[in-house]
Number of protein chains: 2
Amino acid sequence: MNIVNDLRQLLGEGAVLDAAEVSERASGIWDPTPQSALALVRPVSTEEVSRVMAYCHERGISVVTQGGLTGLVRGQIATANQLVLSLERMRVIEQIDPIQRVATVQAGVTLQALQEAVAPAGLLFPLDLGARGSATLGGNAATNAGGNRVIRYGMMRDMVLGLEVVLADGTIVDALHPLIKNNTGYDLKQWFVGSEGTLGVITRLQLRLREAPASHDVAMVAAPDFSAVTGLLRHMDRSLGGTLSAFEVMWPEFYALVTTPPAKNAPPLPPDLGFKVLVESLGGDREADNARFLAALEGALDEGLISDAVVAQTDRERSGLWAIRDDVEQVGRDGESAIFDVSLPITAMEVYIHRIRAGLEASLTTHQLFVFGHLGDGNLHVVVQVPRGQLASLRPIIEAHVYEPLIDCRGSVSAEHGIGLEKREWLPVSRNKAELALMRAMKSTLDPKGILNPGKIFEA
Amino acid sequence: MNIVNDLRQLLGEGAVLDAAEVSERASGIWDPTPQSALALVRPVSTEEVSRVMAYCHERGISVVTQGGLTGLVRGQIATANQLVLSLERMRVIEQIDPIQRVATVQAGVTLQALQEAVAPAGLLFPLDLGARGSATLGGNAATNAGGNRVIRYGMMRDMVLGLEVVLADGTIVDALHPLIKNNTGYDLKQWFVGSEGTLGVITRLQLRLREAPASHDVAMVAAPDFSAVTGLLRHMDRSLGGTLSAFEVMWPEFYALVTTPPAKNAPPLPPDLGFKVLVESLGGDREADNARFLAALEGALDEGLISDAVVAQTDRERSGLWAIRDDVEQVGRDGESAIFDVSLPITAMEVYIHRIRAGLEASLTTHQLFVFGHLGDGNLHVVVQVPRGQLASLRPIIEAHVYEPLIDCRGSVSAEHGIGLEKREWLPVSRNKAELALMRAMKSTLDPKGILNPGKIFEA
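This is a predicted model, so every value here is computed, not measured.

Below, the discussion takes up the overall build of chain A. Counting secondary structure elements, chain A contains 15 helices and 20 strands. Relative to a compact globule of 460 residues, whose C-alpha radius of gyration would be 23 Å, chain A shows 23 Å and is just as compact. Across its three principal directions, the C-alpha atoms of chain A cover 70 × 55 × 45 Å. Within chain A, the fraction of its 460 residues that count as buried is 62%. Put simply, 71% of the contacts in chain A that link residues at least 6 apart link residues at least 24 apart.

Here it is as structure tokens:
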């Protein structure tokens, strides 16, 4: 109670929820479990965040920073003796500079709010993901979000020009710089991007904006085998110059699933044993880009890289092709599914999927394996479905089958979702002892008392 | 002598030069001053680098790592009591994977060697700069090199997928990962890229390769005023979709200098009071890209953003237009010049140049101011020429006139060259106390004895 009162003194009555009020909140957008915490504070400014951190640092109180609660690895979960620091009231878009093409925002601004705010200036904030309406830009930076257009625009890391961060002891570090090039010593912002709230609290960001594309071409194509898929990636990337924006591959089982009732999308191409690829290009000139897109597809046909193609002619058709790829909820219709987010060298993918398939067949009776993903950037979503009620008990064995084969090919247990609590046990698959030691050294330097999101990424 | 003998025991006779032998070497490609050092070691493997570092760490011997000696800020300069660690014998291109589009190299491989090695596979390593024949990839990473095509492909940081680093105490950290997406904890490679040899020795790299462009369009255009220049940047970026690769602006005095004899290039456009811009596009389809490039220029004419344009028709003409922009040595023909490498928001550039001009006119008698640069990424090269023999004495006042106005617009004293010794005094212009404190904390964590390139970036 003292702590709640202290915090109310520091930030005002309405800024603090006590433990009972916190328990009325869900743990996440997709997780109705009630939250648990000592209290929850909702500062409105960097200065208030600093006061909270200084208070907690002095008393050794752990702090879990929350954005839009859309994370998928339980990175935002607090326990009853931790304080939640929510940035939900730091939602000011401070400036959009259309000449420098930079936005300055508070960390609680949602991704969608920024996307919409820059559109009238003919600009694009290119990060995009399904949770755009809830996910915050601070959270996107803290988790280095990926999404649908990494192949063209990079991940969140590539869009952050500068950050303001509050350190564990309340020190405000203003590393806001609106510059694309700035080689003046260590690039501090890189330390905090992707650190999942364990090194500091991101309070404000300067973000790079791009010109909004004028052309948008989408096709779904059929590739007879995996070497055709990899050949097609190179062919399209080369032929489309800098405009290839998505290269999403669906393995046959996934494609059949999302184009068979009760899924509401019909198959634009017949389901068969090959691969389906959604290819997208975003460019600056509608006619020239469309001609080039069609020519690239014709070239792929001529080279035998694809056997069939459907090219969207309208916005509705473009959305329709994407809807097939995005209908991931079908993996839950006939059972419970574990969804993974791995990345690995493209050259190792066929063997990797074969190993998972063989492993699962040897150890599980009823199950299904679905594979799809952002193949253009090496990121696969592997989905293992088991009968309802069995997932909790089978999860450890499923995780072992999915993660262990990554060791040999130097793959990653998390391409984009992060580690949080969910994958902590599996981090050594992707990171060796020397790397983990360096991470811990950094953590000790920036957060010597270990109060920032302790236990996330690695054990406290 | 003991140290030289010890090192010869560790690495073999031919791997170690003593102080006398070191003094036969020049300090840099453009600096004939003899080098000074305790000794110079030339390991051939990561394991040998590790042995050298462990030896030096135990004895508190400072180590200056050298690549191709093409740095411009004296970051590679050692003193008589420091050991030089040269990566000149670590020149193995270990693997080029044309499907994953990743190269694995030792740090001493030159930029040009890699560029040439990937070309037969239809691939491009997109970093490019004048010193490509000498500059090493390890040095490029340690200094986060920029160059001519940052607007399209980013800086060296954006091309590094993974690194192997030897720490101050000899620990080898294998953070080689061939993945575009890898959110498994802190992104360690980011700490070392741009750290100028002060945090570790980069020994091997995994680098991202791109598809080689099939089209190459270059034009030089005249823009009547600075707002036309900024409008043109947005117009071309938007119209060319993802293919704009260079946007190089020349202020009138620079353009006149490099197109007037004894400079050997004739002016393709008449010299006048406006700005000249070199625009380049690299794409995937010769005909379609050329048509789009011409249409974009026509649109710029229609909108009054440009008053004139020359479009190169042949490779020879393309090289000819670049040669004008690249003829920087003309700034030395009538005097001695200080060349700066700043970046700042585009919106602040006109006022910034005006302030420099006014400041120089008030305090120097005979001088010339030339401005040009990579405006597309906010990076300007400011050149101040004074009569021969006067630069050494005038440099402090010139630096003050160029650097101090950057404070108000949050500009950077180094867009791409780095800090080294050269700009150390001016680092506080671009970095505040909290940032500098964080940098020092990182330095103390990774190099507690302060033996790695001490005194570079900030004072030891």
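Note on the copies: chain A fits chain B at an RMSD of 0.0 Å, the axial shift is 0.0 Å, and the rotation between them is 180°. In the structure described here, the two chain copies are related by an operation that fits a two-fold rotation axis. Rotation axis and chain A: the residue whose C-alpha lies nearest the axis is Gly242(A), separated from it by 2.2 Å. Interface overlap between copies is the fraction of interface residues in one copy that are interface residues in the other; for chain A against chain B it reaches 100%, indicating a shared surface.

Our focus in this paragraph is the pairing of strand 8 (residues 102-106) of chain A. Residues and elements named next belong to chain A. Here strand 8 lies mainly inside the structure; five of its five residues are buried. Neither face of strand 8 is open: one carries Val102, Thr104 and Gln106, the other Ala103 and Val105, and all of them are buried. In this sheet, strand 8 lies alongside strand 7 (residues 93-97) in antiparallel orientation, the contact comprising four bridges. If you follow Ile96 over to strand 8, its bridge partner there is Ala103. The antiparallel hairpin formed by strand 7 and strand 8 contains four residues in its connecting segment, where Arg101 sits at a positive phi of about 60°.

Turning next to the interface of chain A and chain B. Across the contact, 93 residues belong to chain A and 93 residues belong to chain B. Overall, the association of chain A and chain B removes approximately 7,200 Å² of surface from exposure, summing both partners, and the carbon and sulfur fraction of that is 55%. The largest contributions to the chain A side of the interface with chain B come from Lys181(A), Asn183(A) and Tyr186(A), which together make up 14% of the buried area. Scanning the region where chain A abuts chain B turns up 16 salt bridges. For Lys181(A), the salt bridge is made with Asp377(B), and the minimal N-O distance between the two is 3.3 Å. Across the contact surface, chain A and chain B share 53 residue pairs in polar contact (both at pLDDT 80 or more). Sorting the residues of the side of chain A that touches chain B by element identifies helix 6 (150-153), strand 11 (172-175), helix 7 (189-192), helix 8 (226-239), helix 10 (286-302), helix 14 (427-430) and helix 15 (433-446) of chain A as the ones contributing at least two each. No other element matches helix 15 of chain A, which puts nine residues into the side of chain A that touches chain B.

Attention shifts here to the nonpolar core. Counting residues in each nonpolar core, the largest one holds 248 residues, and the members touching the most others are Leu375(A) and Leu375(B). Sequence-distant contacts of Leu375(B), that is, excluding residues within four places in its chain, are made with Phe226(B), Val229(B), Leu233(B), Phe247(B), Val249(B), Trp251(B), Ile346(B), Met349(B) and Leu380(B).

So, on to the packing of helix 8 (residues 226-239) of chain B against helix 10 (residues 286-302) of chain B. All names here are of chain B. Close contact between helix 8 and helix 10 brings their axes to 10 Å; oriented N to C, the two are set at 150°. Taken together, the axes of helix 8 and helix 10 are roughly antiparallel relative to one another. As helix 8 runs across helix 10, the sense of the crossing is right-handed. Here Leu232, His235, Met236 and Ser239 of helix 8 come into contact with helix 10, specifically with Arg292, Phe293, Ala296, Leu297, Gly299 and Ala300. Grouping the amino acids of the contact of helix 8 with helix 10 by side-chain chemistry returns six nonpolar, three polar and one charged.

Further remarks concern unusual backbone geometry. A cis amide bond, omega 10°, links Pro261(A) with the succeeding residue Pro262(A). By the element assignment, Pro262(A) lies in the loop between helix 9 (252-258) and strand 16 (275-283). Look at Arg101(B): it is not a glycine, yet its phi comes out positive at around 60°. Turning to its location among the elements, Arg101(B) is positioned in the loop between strand 7 (93-97) and strand 8 (102-106). Its relative accessible area of 8% is what places Arg101(B) among the buried residues.

Conventions and cut-offs
- Residues numbered from 1 in each chain as written.
- Chains lettered and ligands numbered in written order.
- Predicted model: local features only at pLDDT ≥ 70, side-chain atom pairs only at ≥ 80, totals over all residues.
- Heavy atoms only, no water.
- Helix = DSSP H or I, 4+ residues; strand = E, 2+ residues; numbered from the N terminus.
- Rg over C-alpha atoms; globule rule 2.2 N^0.38 Å.
- Buried < 20%, exposed > 50% of the residue type's maximum accessible area, 1.4 Å probe, protein only.
- Contact = heavy atoms within 4.5 Å.
- Least-squares fit on C-alpha atoms with pLDDT ≥ 70 in both.
- Pairing = 2+ DSSP bridges.
- Buried area = accessible area lost by both parts, 1.4 Å probe.
- Salt bridge = Lys/Arg side-chain N within 4 Å of Asp/Glu carboxyl O.
- Polar contact = N/O pair within 3.5 Å; in protein donor to acceptor, adjacent residues only side chain to side chain.
- Core = buried A, V, L, I, M, F, W, Y, C linked by side-chain atoms within 4.5 Å.
- Axes fitted to C-alpha atoms, helices over the stretch in contact; angles between N-to-C directions.
- Parallel < 35°, antiparallel > 145°, perpendicular 65-115°, else oblique.
- Left-handed = near helix turned anticlockwise from the far one by under 90°.
- Nonpolar A, V, L, I, M, F, W, Y, C, P; charged D, E, K, R; others polar.

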